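Observations on the model geometry
Here is what each chain is made of, one letter per residue.
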Amino acid sequence: MSIDGLMIRALADELQVLEGGRIGKIHQPADDELVLQIRGKSASYRLLLSANPTYPRVHLTERAYQNPLEAPMFCMLMRKYCEGGIIESLRQYGMERILHIDVRHRDELGDLSIKRIVIEIMGRHSNIILLDPSTGVILDGIHHVTPAISSYRTVLPGSRYKLPPDQHKRDPLEADMASVMEELDSAGIGTHTSAGELERWLVDRYAGISPLTAKEIVHRSSWEQSPDRARFARVFLNWMEKVRKHELEPTIARDERTGKEAFSIQPLTHIAGTRTTYPTVSACLEAYFSDKAERDRVKQRVSDMLHFLQNERNKNVKKLEKLIRTREEAKDADKYRMIGELLTAQLHRIRRGDEEAELVNYYDEAQSSIKVKLDPQLTPAENAQRYFRKYAKSKNSLIAAEEQIEAAQREIEYLDTLLAQLEHADLNDAEEIREELVAQGYLRDSKKQEKRKKKNDRPSLTCYLSSEGIEIYVGKNNLQNEYLTNRLARPTDTWLHTKDIPGSHVIIRAREYGDATLEEAAMLSAYYSKARASSNVPVDYTLIRHVRKPNGAKPGFVIYDHQKTLFVTPDEQRIKQLKMEIR
């Protein structure tokens, strides 16, 4: 779902605390996102501007974003014109999904100048544009729009800024009872009108109202049960009055049937399920978007790795199936040896040219007869040797098959571990997984990065603080697992891992701790594993001194003993309540 004009109005009101604030640092953590650090009159803030085509948004954020080593060109331009500047004003354009942030700064000559940051929240057409409001000339945009893309408006350095097409809708915040009833009359809205038709009329007639908001307003008016135009108008005007007075209850509702979530500036009573209310619009948007946007960005970045790993896994599964068939066939090796020995002992009963021989089975107590197929082109002795060769070949292939089956199983386990890690990886974790695949020879290093991490560099680690105040470290890829288990952890620290399930290494950094810390660490182990959505997940735990890596093993692979097993069910809400930081 998307942000509508009413929510932008609520956001603009909420973000008035930024007016008069000084922009300290500007970062561009992703291709289509900016983070502005702002020192306000009484506090410091972090403002996220996103033109992500799937999750465009603007809100204050508490999250710490990882930034690239080299700032992109648009970020450098923003720093040039806006870093150190004062936010003069922050306002919505009409009821559109457009925010204007005017920044006062001094140019190279020391003269005061105003630059405008335009944030357009319009789905896949979303953009962040820096322009000179005195001339309307665009300095640059985070997304360039060429004439080939849009004949109506271009977004290129040096071009003149043009607003998106006007939809000629009425401002709902200026509506009153008389004007609403007049609009209903002119549209022919009456008792014969269905709830769906009324929702569509509301979206088409008034600016800033999304289909979700329209559905909620119509639902609150009980239109389906008993259509009443006056009651509908009162519900509609009451909603707008709350927006004007900023009397909001930002809410995320989760549908109990589909599991889908939706957000609004007021409770969504038409959705049957759980509802969570937030103190601010920003908190609501961050709770809804942050994980989704991060997962979407990671998914785009790692799509080639996922495709490669799935293909490699499928190839190894097919190879394993073939090896198992070979092993079953090779189990007849002793039968070939026995036939060879029986043929050798009874050569006098066979002539060259025979296609089959009936032999006495001396290995059977009953001395029964068995029929043996022969090659008529060979002598009886040569047929016996042929079965001895089959015996030797089967015996050798059995040994080789066993070795290859074990290797294929280890390879599938390793690939499953990487796939599980990518499910929970952020951008930094994903890049470390890519480096591992390059180092292991699975992928070629197409980037040829000059500033690659040194072998002994310390990776970033996720550290949680248990409810008892004890540090719990989580390795989210094999590079982090190796460092965490083999270098950072002390012999008396406790190591945890899901039993026989691909997942993360988890370390409790304490000699002594309570049951609450152990349970929370086990829950983190289950949460950062392939069994995240399962219940009663078995988690092994033991002291680090009992964990070791075999020689020549794949990254992240260890063996351990003296373990105990704990069964836990991952609780995402409980995990989110734990204090977490990247170290």
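What counts and how
- Sequence order as written defines the numbering, with residues in each chain counted from 1.
- Local features in this predicted model are restricted to residues whose pLDDT is 70 or higher, and side-chain atom pairs enter the listing and the counts only when it is 80 or higher, whereas totals over whole chains, interfaces and linings include all residues.
- Only hydrogens and water are set aside; all other atoms, that is, all heavy atoms of the structure, feed into the side-chain values.
- A run of H or I in DSSP becomes a helix once it reaches four residues, and a run of E becomes a strand once it reaches two; helices and strands are each numbered from the N terminus.
- Here the globule rule is a power law, 2.2 Å times the number of residues to the power 0.38, and the radius of gyration is based on C-alpha atoms.
- Any two residues whose heavy atoms approach within 4.5 Å at even a single point are treated as in contact.
- A strand pair is defined by DSSP finding two or more bridges across the two strands.
- Angles here are taken between N-to-C directions and fall from 0 to 180 degrees, while the axes themselves are lines fitted to C-alpha atoms, restricted in helices to the stretch in contact.
- Two rings belonging to Phe, Tyr or Trp (six-membered ring only in the last case) form a pair when the distance between their centres is within 6.5 Å. Interplanar angles under 30 degrees mark stacking, angles over 60 mark edge-to-face geometry, and anything in between is tilted.
- Only when the NZ atom of a Lys or the CZ atom of an Arg is both within 6 Å of the ring centre and within 35 degrees of the ring normal do we say a charge sits over the ring.
- Accessible area is worked out with a 1.4 Å probe on protein chains only. A residue is then buried under 20% of its type maximum, exposed over 50%, and partly exposed in between.
- In a helix, the anticipated span is given by 1.5 Å times the number of residues less one.
- This arc describes the spread of directions from the helix axis toward the C-beta atoms.
- We define a salt bridge as a side-chain nitrogen of Lys or Arg found within 4 Å of a carboxyl oxygen belonging to Asp or Glu.

**Concerning the overall build of the protein chain**
Secondary structure summary: the protein chain contains 13 helices and 23 strands in total. Whereas a compact globule of 583 residues would reach a radius of gyration of roughly 25 Å, the protein chain reaches 34 Å, over 25% beyond that. When its C-alpha atoms are laid out on the principal axes, the protein chain stretches across 115 × 65 × 55 Å. A separation threshold of at least 6 residues defines the contact pool for the protein chain, and within that pool the share at least 24 residues apart is 59%.

**A short note on the side chain of T417**
By the element assignment, T417 lies in helix α9 (residues 380–423). Setting aside residues no more than four positions away along its own chain, T417 makes contact with N478, P502 and G503.

**What to know about the sheet that holds strand β11 (residues 261–264)**
One open sheet holds the three strands; their spatial order is β11-β10-β12, and the pairing between them is antiparallel. If you trace the sheet from one side to the other, it starts and ends with β11 and β12 (273–277), each paired once. Going across the sheet, the axis of each strand differs from the next one's by a mean of 20 degrees, ignoring polarity. As paired elements, strand β10 (residues 251–255) and β12 share five bridges and run antiparallel to each other. By the bridge assignment, A253 is partnered in β12 with R275. Against the sheet, helix α7 (residues 281–330) contacts β10 and β11, and its axis sits at roughly 145 degrees relative to β11.

**Let's talk about the packing of aromatic side chains**
Note on aromatic pairs: each is described by the distance of the centres and the angle between the planes. For the structure on display, the rule yields 15 aromatic pairs. Taken together, the ring pairs connect W201, Y206, W223, F232 and F236 into an aromatic cluster. Its end group placed over the ring of Y152, K162 keeps NZ or CZ at 4.0 Å from the ring centre. Taking NZ or CZ as reference, R532 lies 3.6 Å from the ring centre of Y527, over its face.

**A look at unusual backbone geometry**
Even without being glycine, H246 reaches a positive phi, approximately 60 degrees. Judged by relative accessible area, H246 falls into the partly exposed class, the value being 33%. Despite not being glycine, N536 shows a phi value in the positive range, around 50 degrees. Residue classification places N536 among the exposed positions, given a relative accessible area of 52%.

**Considering helix α8 (residues 333–345)**
Across its 13 residues, α8 extends 19 Å between first and last C-alpha, which sits within 8% of the 18 Å expected from 1.5 Å per residue. Here α8 has its buried residues at A333, M338, I339, G340, L342 and L343. On its buried face, α8 is in contact with α7, β13 (356–360), β14 (369–373) and α9.

**What to know about helix α2 (residues 73–82)**
Turning to α2, its buried residues number three or more, namely F74, C75, L77, M78, Y81 and C82. Each buried residue of α2 lies within a common arc of 160 degrees when the element is viewed along its axis, so the set occupies one face. Tucked inside the fold, the buried residues of α2 contact β1 (22–30), β2 (33–39), β6 (98–106), β7 (112–120), β8 (127–132) and β9 (137–141). Looking at the residues trailing α2, positive phi occurs at G84, about 85 degrees.

**Things to note about the pairing of strand β19 (residues 537–543)**
Counting buried positions along β19 gives six out of seven residues, so the element sits mostly inside the fold. As judged from the five bridges shared by strand β17 (residues 494–498) and β19, these two strands associate in the antiparallel manner. Considered in β19, the bridge of H497 is made with D540. Here β19 pairs with strand β22 (residues 564–568) via five bridges, running antiparallel. Within β22, the residue paired with V539 across the bridge is L566.

**Description of the pairing of β11**
Here β10 pairs with β11 via four bridges, running antiparallel. What sits directly across from R254, in β11, is E261. Joining the antiparallel neighbours β10 and β11 is a turn of five residues, in which G259 adopts a positive phi near 80 degrees.

**Section: the sheet that holds β17**
Pairing is antiparallel across the open sheet formed by seven strands, whose spatial order is β22-β19-β17-β18-β16-β15-β23. Each of the sheet's edge strands pairs with one partner strand only, and the pair in question is β22 and β23 (579–582). Adjacent strand axes in the sheet meet at a mean angle of 25 degrees when their direction is disregarded. Note: strand β15 (residues 462–465) against β23, four bridges, orientation antiparallel. Paired with C463 across the bridge in β23 is E581. This element, helix α11 (residues 478–488), spans β16 (471–474), β17 and β18 (506–508) of the sheet and lies at about 135 degrees to β16.

**Describing the pattern of salt bridges**
For side chains of opposite charge, pairing can occur when their charged atoms come near one another. Under the definition given, this model contains 34 salt bridges. Of the charged contacts in the structure, one is a salt bridge between D429 and K476, with a shortest N-O distance of 3.1 Å. Of the two residues, D429 sits in helix α10 (residues 427–439) while K476 sits in the loop between β16 and α11, which places them 47 residues apart along the sequence. In this structure, D493 engages R490 in a salt bridge whose closest nitrogen and oxygen atoms are separated by 3.5 Å. What makes R490 partly exposed here is its relative accessible area of 37%. What emerges from the salt-bridge pattern is a single network uniting R91, D102 and R116.

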